[in-house]
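Coordinate inspection notes
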Amino acid sequence: MITSKTDRQTEVDKKLWRFLFPVTEREIKFLGGDGVFFSAINYKAIVREDTDKLIAVQKDSYKLVPNAEVIKPIMDQLDLLTTEYYIDESHSFVEDNRMRLQVTFPDLTLHDGESDIALSLFIHNSYDSSEGVRMYWGGIRGICSNGCVFGEVLAKYYAKHTSGIVVENLKEQIEDTYEQIPVIQNRIEILRNMESISNYEEKLPELFGKGLTNYVEEQPKADSAWVLYNQLTYYISHYVQQRMRASYQMKVSKLFQL
C-alpha cells in the first residue's frame, strides 16, 4: 500500500523506467559500388541508444520527441497536485517505436448507474510517425476494468476552449475535464435509454472485424446502446492487444459519440 507522496513517487518511477529509454538521431550511410561510404540525403536514423537498435528511418524534417520529454513534464505537474493518481498498466504499453501511458485518477469519477468510472489520461508518442504526441481523456470502469475514451465529447470541448491539453496548465485542464463530467453522464444516460441499436450493430463488422462482432453476437442480446457499448469495451480491454486498444477505443468513442 502506498502511504506517502515519497512512496508513490518511488512506485511511479518503477513503472516509468521502461518508457524512458534513450533515443538519438544518427546519420545514414551506405556503401557505394567503389567501396566508398555515402551519406543518405534528406534522411536520418532514429536509434535506441542503449541497444543500438534501429527504430525508424525519418526525413530530416522529422522532429524527434523522446518519451522522456513527453512524460517527465506531465509527472512534474501531477506531483504538484493534491489529486491522487497512479500509473495504470491495464491500458499502458511501450515498444521501441511507440508507447501509450495511462494515468488514472481514482478520486475523479462519474457513475453510469452500475459502476464508478475513474477518469484517465492517455498519453501517446511514437518514433515511426504512426502517431504524434497526443493526449486523450477517458475512463476505467470499476466493476470490469473496461477502458474507454471520451474522444468525441471532450474533443469538442477542448477544441472550443483550449485547443488540447497544455502540459504547463495541467491542473486547470484536469479541473476543466472534471467539470465536463455532467456532459459525459448525460450522453451515457441517453445511451442507457436507447433501446433501438440496430444502427450500431450493423456497423460492427466494418469497423471492428469478425472477432469483436462474433463476440457481441455470442453475448446476451443487448437491451440498450450502453449495454452494447460495454460489450465492445470489455472485449477491447480483455482480448485486444494493448498496442491495438487505442485505435479500437477511438472507433467506439466515435460510433457512440462519447
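For the structure, see preceding data.
Quick caveat, the model's predicted, so the values are computed rather than measured.

What counts, and where the lines are drawn
- Residues numbered from 1 in each chain as written.
- Predicted model: local features only at pLDDT ≥ 70, side-chain atom pairs only at ≥ 80, totals over all residues.
- Heavy atoms only, no water.
- Helix = DSSP H or I, 4+ residues; strand = E, 2+ residues; numbered from the N terminus.
- Expected span 1.5 Å × (residues − 1).
- Buried < 20%, exposed > 50% of the residue type's maximum accessible area, 1.4 Å probe, protein only.
- Arc of directions from axis to C-beta.
- Core = buried A, V, L, I, M, F, W, Y, C linked by side-chain atoms within 4.5 Å.
- Contact = heavy atoms within 4.5 Å.
- Polar contact = N/O pair within 3.5 Å; in protein donor to acceptor, adjacent residues only side chain to side chain.
- Salt bridge = Lys/Arg side-chain N within 4 Å of Asp/Glu carboxyl O.
- Pairing = 2+ DSSP bridges.
- Axes fitted to C-alpha atoms, helices over the stretch in contact; angles between N-to-C directions.
- Phe/Tyr/Trp six-rings, centres within 6.5 Å; stacked < 30°, edge-to-face > 60°.

Overview of helix 5 (residues 181-192)
Here helix 5 contains 12 residues, and its C-alpha end-to-end distance of 16 Å stays within 8% of the 16 Å for a straight helix at 1.5 Å per residue. All of the buried residues along helix 5 are Ile181, Ile184, Arg187, Ile188 and Leu191. Within helix 5, the buried residues cover an arc of 125° as seen down the axis, which keeps them to one side.

Some words on the nonpolar core
Ranked by internal contacts, the top residues of the largest apolar core, which has 61 residues, are Met75, Leu78, Leu101, Phe105, Phe150, Phe256 and Leu258. Sort the elements by how many residues they give to this core and helix 8 (residues 225-239) lands first, with seven residues. Ignoring any residue separated from it by four or fewer positions in sequence, one finds Phe256 in contact with Arg187, Leu191, Tyr200, Ala225, Leu228, Tyr229 and Leu232.

Regarding the environment of Asp116
Note on placement: Asp116 falls in strand 6 (residues 116-126). In this structure Asp116 comes out as partly exposed when scored by relative accessible area, which is 42%. Sequence-distant contacts of Asp116, defined by excluding residues within four places in its chain, comprise Thr109, Leu110, His111, Ile140, Arg141 and Gly142. Among the polar contacts made by the side chain of Asp116, one reaches the side chain of His111 at a distance of 2.9 Å.

So, the pattern of salt bridges
A complete count under the given rule lists 13 salt bridges for this structure. For Arg48, the salt bridge is made with Asp96, and the minimal N-O distance between the two is 2.7 Å. Highlighted residues: Arg48 in strand 2 (residues 37-48) and Asp96 in the loop between strand 4 (86-94) and strand 5 (98-111), separated in sequence by 48 residues. The exposure classification of Arg48 matches that of Asp96, with both residues buried. Salt bridges here are not isolated pairs; linked through shared partners, they connect Arg48, Asp50, Lys53 and Asp96.

Considering the side chain of Gln102
Its place among the elements puts Gln102 in strand 5. Engagement of the side chain of Gln102 in a polar contact is seen with the side chain of Thr104, the distance being 3.3 Å. With residues up to four places along the chain from it excluded, the contact list for Gln102 reads Tyr86, Ile87, Asp88, Ser90, His91, Ser92, Ser120, Leu121, Phe122 and Ile140.

Describing the sheet that holds strand 3 (residues 53-59)
Strand order in this open sheet of three strands is 1-2-3, and the pairing throughout is antiparallel. On the outer flanks of this sheet lie strand 1 (23-31) and strand 3, each paired with one strand and no other. On average, each strand axis in the sheet is inclined to that of its neighbour by 45°, with strand direction left out of account. In the sheet, strand 2 pairs with strand 3 via six bridges, with the strands oriented antiparallel. Looking across to strand 3, one finds that Val47 is bridged to Leu54.

A few points about the side chain of Asp96
Take Asp96: its relative accessible area is 18%, and that puts it in the buried class. Not counting the four nearest positions on each side in its chain, Asp96 is found in contact with Phe21, Arg48, Lys53, Ile55 and Tyr127.

Here we look at the pairing of strand 4
On any regular strand, side chains alternate: one points to one face of the sheet, the next to the other face. Here five bridges tie strand 4 to strand 5, and the two strands are oriented antiparallel to one another. Opposite Val94, over in strand 5, you have Met99 as the bridge partner.

Overview of the packing of aromatic side chains
Counting across every chain of the model gives 10 aromatic pairs. With a centroid separation of 6.1 Å and an interplanar angle of 25°, the aromatic rings of Phe208 and Tyr248 are classed as stacked. Within this pair, whereas Phe208 is found in helix 7 (residues 204-218), its partner Tyr248 is found in helix 9 (residues 242-256), the two being separated by 40 residues in sequence. An angle of 35° between the planes, with centres 5.3 Å apart, marks the rings of Tyr235 and Tyr239 as tilted. A residue pair is termed a helical-turn pair when its members lie 3 or 4 positions apart in one helix, as Tyr235 and Tyr239 do in helix 8 at four residues.

These figures come from the coordinates and say nothing about function on their own.
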